[in-house]
Amino acid sequence: MTSYCILPAFALMIGCLAFPGPVPRSGCLLSQVNSSHPVQALLESFTVLSGCASKGTAGLPQEVHILNVRNAEDAGHHEREVVLHLNPIASMHIHQKPLVFLLNSPVPLIWKVKTERLALGIQRLFIVSAGSMVQFEKEGFSLTAKREEKPLPQGNKHLLEWAEKEYGAVTSFTEFKISRNVYIKVGEVPFFPTTCNIEKNFISLNYLAGYLQPKTAEGCIMSSVAHDKEVHIIELIAPDSNSAFQVDIIIDIRPSRPDTTLVRNLVLILKCRKSVNWVIKSHDVQGRLEAITSNGVGFGKETERSMTMSKTIVFDMPSSHENLIAWAYEHGHYPVTTYTKAPLANRF
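Let us look at the structure shown here. (Residues numbered from 1 in each chain as written. Predicted model: local features only at pLDDT ≥ 70, side-chain atom pairs only at ≥ 80, totals over all residues. Heavy atoms only, no water.)

**Concerning the state of the cysteines**
- Tallied over the entire structure, the rule returns two disulfides.
- Cys28 shares a disulfide with Cys220; S-S distance 2.0 Å. Between Cys28 and Cys220 the disulfide shows an S-S torsion of about -110°. By sign, it is left-handed. With Cys28 in the loop between strand E1 (3-14) and strand E2 (31-32) and Cys220 in strand E15 (residues 218-221), the pair connects residues that are 192 residues apart, well separated along the chain. (Disulfide = S-S within 2.5 Å. Helix = DSSP H or I, 4+ residues; strand = E, 2+ residues; numbered from the N terminus.)

Right under this line is the structure:
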């Protein structure tokens, strides 16, 4: 049985569409959002097929993490890239122990390694199956990271036994279907068992594969998004129907045309009836960003480097498109560029 948890999200494409000028506040005729709408609603779910974790490497010179990919043969050529996100476990600020990663798949993959709070100058070894490549985002990290290609056993049990014989113990084992993003937290948890025993219903926030799917939404475009100032209203009914975890809603802001950089004065009015935390990340967009919400809000490091930010918490923000658009005009946030309402999402 596949285990899973789900977090919400949205993609905001700004910039290069042109529409007639501002319309009256009452001019928002809701219709189902299509691919041309600047705001797209997505749901990112996190799941693994099976796995385990242990503290068995605590007394050994390195941690050993195994990733075993299934169903990679079904992926298209453009999908055969996996971004491997590495962070320390929650109890650790900076990770400083040597690492061994066994990256096994039935077809060649490109593994793109992104790291946060992993100390430089530490040996890391990435062992890949035949034909796979490893690319490192940070040049400093790549100076002490090595890649080796080896014939690896394909079955979970055989791969685990091979690693235990080779290195003495295994810190984590994660089996997952082909995914664009895999999230692994490195570090040994003291209360984990001493041996990694693979379980089918393995659930851990330390080892997750992410899957994105578009979600239905309705909305309208009210004014040209070719202006230097844009006001976008997003109303979310629920981030997830059954999540037991604290939910972050990611908003990715990027130009609608790739390989361009835009300067914009952006106002985001964000409304959710549930208790959520909006996390805003900008890519290739500069200028000012004002976030107005009835929930928590934070900014990614990319946004902090490229935009001047401000945030306002408004606890009595109304619901419904008519009331939210009227509220925006009454508080000086106009012309409104888009309104988008999503029943269920965690990424925009």
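**Section: the packing of aromatic side chains**
- Taken as a whole and assessed by the stated rule, the structure comprises nine aromatic pairs.
- Arranged with centres 5.4 Å apart and planes meeting at 10°, the rings of Phe101 and Phe126 form a pair that is stacked. Here Phe101 is found in strand E7 (residues 99-104), whereas its partner Phe126 is found in strand E9 (residues 124-128), with 25 residues between them in sequence. Of the two residues, Phe101 and Phe126, both sit in the buried class.
- With 6.4 Å between their ring centres and 65° between their planes, Phe126 and Phe141 make a pair best called edge-to-face. Linking Phe126 in strand E9 with Phe141 in helix H1 (residues 139-142), this pair joins segments that are 15 residues apart in sequence. By the burial criterion, Phe126 is buried, and Phe141 matches it.
- Taken together, the aromatic side chains of Phe101, Phe126, Phe136 and Phe141 make up a single cluster linked through ring pairs. (Phe/Tyr/Trp six-rings, centres within 6.5 Å; stacked < 30°, edge-to-face > 60°. Buried < 20%, exposed > 50% of the residue type's maximum accessible area, 1.4 Å probe, protein only.)

**A look at the pattern of salt bridges**
- Scanning all chains against the criterion turns up eight salt bridges.
- With its nearest N and O atoms 2.9 Å apart, the salt bridge here joins Glu175 to Arg70. Residue Glu175 is found in strand E12 (residues 172-177), and its partner Arg70 is found in strand E5 (residues 63-70); the two are separated by 105 residues along the sequence.
- Overall, the relative accessible area of 10% leaves Glu175 in the buried class.
- Exposure remark for Arg70: the relative accessible area of 24% places this residue in the partly exposed category.
- Salt-bridge contacts for Arg264 lead to Glu230; the nearest nitrogen and oxygen are separated by 3.0 Å. Here the residue Arg264 occupies a position in strand E18 (residues 262-272), and Glu230 occupies one in strand E16 (residues 229-238), the gap between them amounting to 34 residues.
- The exposure class assigned to Glu230 is buried, which follows from its relative accessible area of 0%.
- A single network of salt bridges, built from pairs that share partners, joins Glu44, Asp252 and Arg347. (Salt bridge = Lys/Arg side-chain N within 4 Å of Asp/Glu carboxyl O.)

From the geometry alone we can't say anything about function, so treat these as descriptive.
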